[in-house]
Amino acid sequence: MTPTPPPDPIAQAHLGLLDLTRALALTDPGLAGFLGDTLDDLGPPQPPPPRPPVMGAALAACCGLAVPRTQPVTDWVIDHADCFAWQQSYTAADGMGADFLAAYGWFNLVSPVGPFRSDRLRITVGYWGPGIVYPEHCHEPAEVYAVLAGAARFRSPGRPPRRVGAGESVAHASWQVHATDLDPGPLLALIPWRGGDLMARATLGLPPM
Ligand SMILES: [Fe+2]
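The rules behind these values
Residues numbered from 1 in each chain as written. Predicted model: local features only at pLDDT ≥ 70, side-chain atom pairs only at ≥ 80, totals over all residues. Heavy atoms only, no water. Donors = N, O, S within 2.8 Å, 3.2 Å for Na, K, Ca; no water. Tetrahedral: all angles 85-135°; square planar, octahedral: opposite > 155°, others 65-115°. Helix = DSSP H or I, 4+ residues; strand = E, 2+ residues; numbered from the N terminus. Buried < 20%, exposed > 50% of the residue type's maximum accessible area, 1.4 Å probe, protein only. Phe/Tyr/Trp six-rings, centres within 6.5 Å; stacked < 30°, edge-to-face > 60°. Lys NZ or Arg CZ within 6 Å of the ring centre and 35° of its normal. Expected span 1.5 Å × (residues − 1). Polar contact = N/O pair within 3.5 Å; in protein donor to acceptor, adjacent residues only side chain to side chain. Salt bridge = Lys/Arg side-chain N within 4 Å of Asp/Glu carboxyl O.

Undergrad: Before we go on, may I ask you to explain the coordination of the iron ion in this structure?
TA: Ideal values for angles at a metal depend on the geometry: 109.5 degrees with four tetrahedral donors, 90 or 180 degrees with six octahedral donors. Ligation of the iron ion by protein atoms is provided by His139 (NE2), Glu143 (OE), Glu143 (OE) and His178 (NE2), these donors lying 2.1 to 2.5 Å from the ion. One can describe the donor arrangement at the iron ion as irregular, given that its four donor atoms subtend angles of 54 to 131° at the metal. Counting residues between consecutive donors of the iron ion along the chain gives the motif H-x3-E-x34-H. Of this pair, Glu143 sits in strand S5 (residues 142-155) while His178 is found in strand S8 (residues 178-181), placing the two residues 35 residues apart along the sequence. The pair Glu143 / His178 is uniform in exposure class, with both members buried.

Undergrad: Can you help me understand the packing of aromatic side chains in this one?
TA: For any two aromatic rings, the description comes down to two numbers: the centre-to-centre distance and the angle of the planes. Tallying each qualifying case throughout the model produces nine aromatic pairs. The interplanar angle of 45° and the centroid separation of 6.0 Å between the aromatic rings of Trp128 and Tyr145 together place this pair among those described as tilted. On the criterion of sequence distance, the pair formed by Trp128 in strand S3 (residues 122-128) and Tyr145 in strand S5 is long-range, its members being 17 residues apart. Exposure class is identical for Trp128 and Tyr145. Each is buried. Both rings, one in Tyr145 and one in Phe154, keep their centres 4.9 Å apart while their planes meet at 70°; by these two values the pair is edge-to-face. Of the two residues, Tyr145 and Phe154, neither departs from the other in class, the shared state being buried. Taken together, the ring pairs in this structure connect Tyr90, Phe100, Tyr104, Trp128, Tyr134, Tyr145 and Phe154 into an aromatic cluster. Sitting over the face of the ring of Trp193, Arg122 holds its NZ or CZ atom 5.2 Å from the ring centroid.

Undergrad: I'm lost on helix H1 (residues 9-26) in this one. Help?
TA: One turn of an α-helix holds 3.6 residues; hence residues three or four places apart share an orientation. Look at H1: 26 Å from first C-alpha to last across 18 residues, which is about the 26 Å you get at 1.5 Å a residue. At the N-terminal boundary of H1, the capping side chain belongs to Asp8, with an oxygen 2.9 Å from the backbone nitrogen of Ile10.

Undergrad: Teacher, can you tell me more about the pattern of salt bridges here?
TA: Note on pairing: side chains with opposite charge can pair once their charged atoms come close. With the rule as written, the count across this model stands at eight salt bridges. Residues Asp181 and Arg155 are paired through a salt bridge, measuring 2.8 Å at the closest nitrogen-oxygen approach. With a gap of 26 residues between them, Asp181 in strand S8 and Arg155 in strand S5 connect regions that are remote in the sequence. Relative accessible area serves as the criterion here: at 9%, Asp181 is assigned to the buried category. Judged by its relative accessible area of 25%, Arg155 falls in the partly exposed class.

So, in structure tokens, the structure goes:
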């Protein structure tokens, strides 16, 4: 009899986070409506090699900044942080300061290139530390920030600035310019994108003409 191989901790971290994301959506009609049936046809995870987050232990502070509905996802992300492939979209060449680059990161859970593959959906989990500003930017896909832990002020032309905290969400339409003041921060958010080029980097500033 062939012995059962030991469970892959990297795959298990991604499977667990997907399960908790599904559970969270069941408690959040806005998130569920945005996701539609996009989580129904995902295959097995194909995670890239893990890459630790640049903010390291600062992520753990989010544990005490969730609400009961978002606590399981928050704790899972913190407890399995070293299993995910954390990335950054920007560098100093984009005008981002050292304070910003030391305090933010994200990883994909679902995207056209994985770890769970979908051509209809991208889900990133992102963290931004207290005090930094994510300046005005936009992107073709529509998005929802489902805040897992912490709070920040979201700005978008034509809207009053709005404080959005754990358990709340804010939506942006395709190419809608938006910015985030990490006041007070930090912010840990689950961010699904739908429509358009799901893998293109956000455009800093105004939409391209
Ligand atoms: Fe965005």
